[in-house]
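Letter by letter, the chains look like this.
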Amino acid sequence: MTARRILLVIGGGIAAYKSLDLIRRLKERGFSVRAILTAGGAEFVTPLSVATLTGERCFRELFDLTDEHDVGHIRLARDADLVVVAPATADLLAKLANGLANDLASTALLATTAPILAAPAMNPTMWANAATRRNVERLKADGVAFVGPATGLMAERGESGLGRMSEPLDIVAAVEARLGAGASGPLAGKRVLVTSGPTHEPIDPVRVLANRSSGRQGHAIAEAAARAGAAVTLISGPVVIPDPAGVTIVRVETAREMLLAVEAALPADIGVFAAAVADWRTEGAPQKIKKGAGGPPSLALVENPDILATVARRADRPGLLVGFAAETENVVEHAKAKLARKGCDLIVANDVSPESGVMGGDANTVHLVTEDGVESWPPMSKADVAETLVARFAALHGLKK
Ligand code: C5P
């Protein structure tokens, strides 16, 4: 079933009046909407308006005996496919970025396992403030998606700039993109999890063990899956390429962080593990290792968790699990062995020997390895590989159901 349950958090800003229209627009499109009205929000719109438009009780208090009895703040947070914060005030963003939970809205935001979409609204000076910038960056790194703010006139007389809440229909479009609900593509209503990029394993505070993965192929797959209608969570190691459109990004550095982020993003219908995860890490020295008379330090390497194999063993393993094999020799033979070892359904194998130019380049030559055999594709751009792979994933996922 397509995900359609929205929990709307209405923060305390003049833009709260637009949230009433947002409720209407969402309901028109068949979403069910429950709303939490913050104390600040209730200064701008009434609980009665919110209850009338949602057709549900307006949720307000953290310690409300009636609500705790028949809904409860944890269930309120969990019984949603998407949490929308609109208006997302500077205060709500700061609370969420720092994990504060001192009222119903902030507690629900911390307790939810659903993705969060924030529509910020505040005075341009507050939006530009270094503290808000830090909070927004941290929230993006934590996987919170944003729509807006837009530029325009402020409620304060004569002021204009970046800080207006996006219009309700723009927020609805972001909701539909996030949930894949409006899309009619082959992955509409499906949740897709993609890992991409390298991992960086610290040697000391200034040095890392890294690899040459650019994240191009994984990011292109994430974007193609979103275009196909899926709700995509992309868990990315450190990359310098732009964020793909329409996906929720969680940024990580190390393999262990990537594993935690992947586990937090489950369940998913399809898992695509395109990241070049470092096989080993060092213990990581707490201070910069100094050059000295003792000669170069020896680095003791420890094996990293295998994220793909770990997910493959879980009870809530995605129905279709795709691994990648970057090899410099015997590409197909190694991929066949990997399919069995990792417990995935499909391996996308490619030749990353230096003469192939695949690592960091724009083109790719891939072989699809399944239990049934090997299919080799002609050289294509990474964007075309992504598009073709996503069409194949949709077909395979359909077959497995
Ligand atoms: O064993 P190898 O690194 O070649 O396997 C590659 C596949 O396994 C890729 O899909 C990669 O994302 C995944 N992998 C992983 N965790 C690791 C190592 C690899 O998820 N620690």
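Described in the following lines is the structure provided in the data block. Only a predicted model underlies this, so the values are computations on that prediction, with no experimental measurement involved.

1. Examining the packing of helix H1 (residues 16-28) against helix H9 (residues 168-179)
To describe two helices that pack against each other, one gives the angle between their axes and the distance between the axes.
For step 1, the next point in the chain: Running from N to C, H1 and H9 point in directions that differ by 50 degrees, and their axes come no closer than 9 Å. In terms of orientation, H1 lies oblique with respect to H9. Helix-helix and strand crossings are classified by hand; for H1 and H9 the assignment is right-handed. On H9, the residues touching Lys 18, Asp 21, Leu 22, Arg 25 and Leu 26 of H1 are Pro 168, Leu 169, Ile 171, Val 172 and Val 175.
For step 2, the next point in the chain: Residue composition of the contact of H1 with H9, grouped by class: 7 nonpolar, no polar and 3 charged.

2. Focus: the sheet that holds strand S11 (residues 231-236)
For step 1, the next point in the chain: Spatially, the 8 strands line up as an open sheet ordered S12-S11-S8-S13-S16-S17-S19-S20, and their pairing is mixed. Only two strands of the sheet have a single neighbouring strand rather than two, namely strand S12 (248-251) and strand S20 (373-376). Adjacent strand axes in the sheet meet at a mean angle of 15 degrees, parallel and antiparallel pairs treated alike.
For step 2, the next point in the chain: Across the sheet, helix H13 (residues 331-342) lies against strand S16 (320-327), strand S17 (346-351), strand S19 (366-370) and S20, angled at about 155 degrees from S17, the strand it touches most.

3. Regarding the side chain of Asp 204
For step 1, the next point in the chain: Note on placement: Asp 204 falls in strand S9 (residues 201-204).
For step 2, the next point in the chain: Given a relative accessible area of 3%, Asp 204 falls into the buried group.
For step 3, the next point in the chain: Looking at Asp 204, its side chain comes within polar contact range of the main-chain nitrogen of Val 206, at 2.9 Å.
For step 4, the next point in the chain: Side chain to side chain, Asp 204 and Arg 207 meet in a polar contact 2.4 Å long.

Parameters and conventions
- Residues numbered from 1 in each chain as written.
- Predicted model: local features only at pLDDT ≥ 70, side-chain atom pairs only at ≥ 80, totals over all residues.
- Heavy atoms only, no water.
- Axes fitted to C-alpha atoms, helices over the stretch in contact; angles between N-to-C directions.
- Helix = DSSP H or I, 4+ residues; strand = E, 2+ residues; numbered from the N terminus.
- Parallel < 35°, antiparallel > 145°, perpendicular 65-115°, else oblique.
- Left-handed = near helix turned anticlockwise from the far one by under 90°.
- Contact = heavy atoms within 4.5 Å.
- Nonpolar A, V, L, I, M, F, W, Y, C, P; charged D, E, K, R; others polar.
- Pairing = 2+ DSSP bridges.
- Buried < 20%, exposed > 50% of the residue type's maximum accessible area, 1.4 Å probe, protein only.
- Polar contact = N/O pair within 3.5 Å; in protein donor to acceptor, adjacent residues only side chain to side chain.

Shape descriptors only; they carry no functional weight alone.
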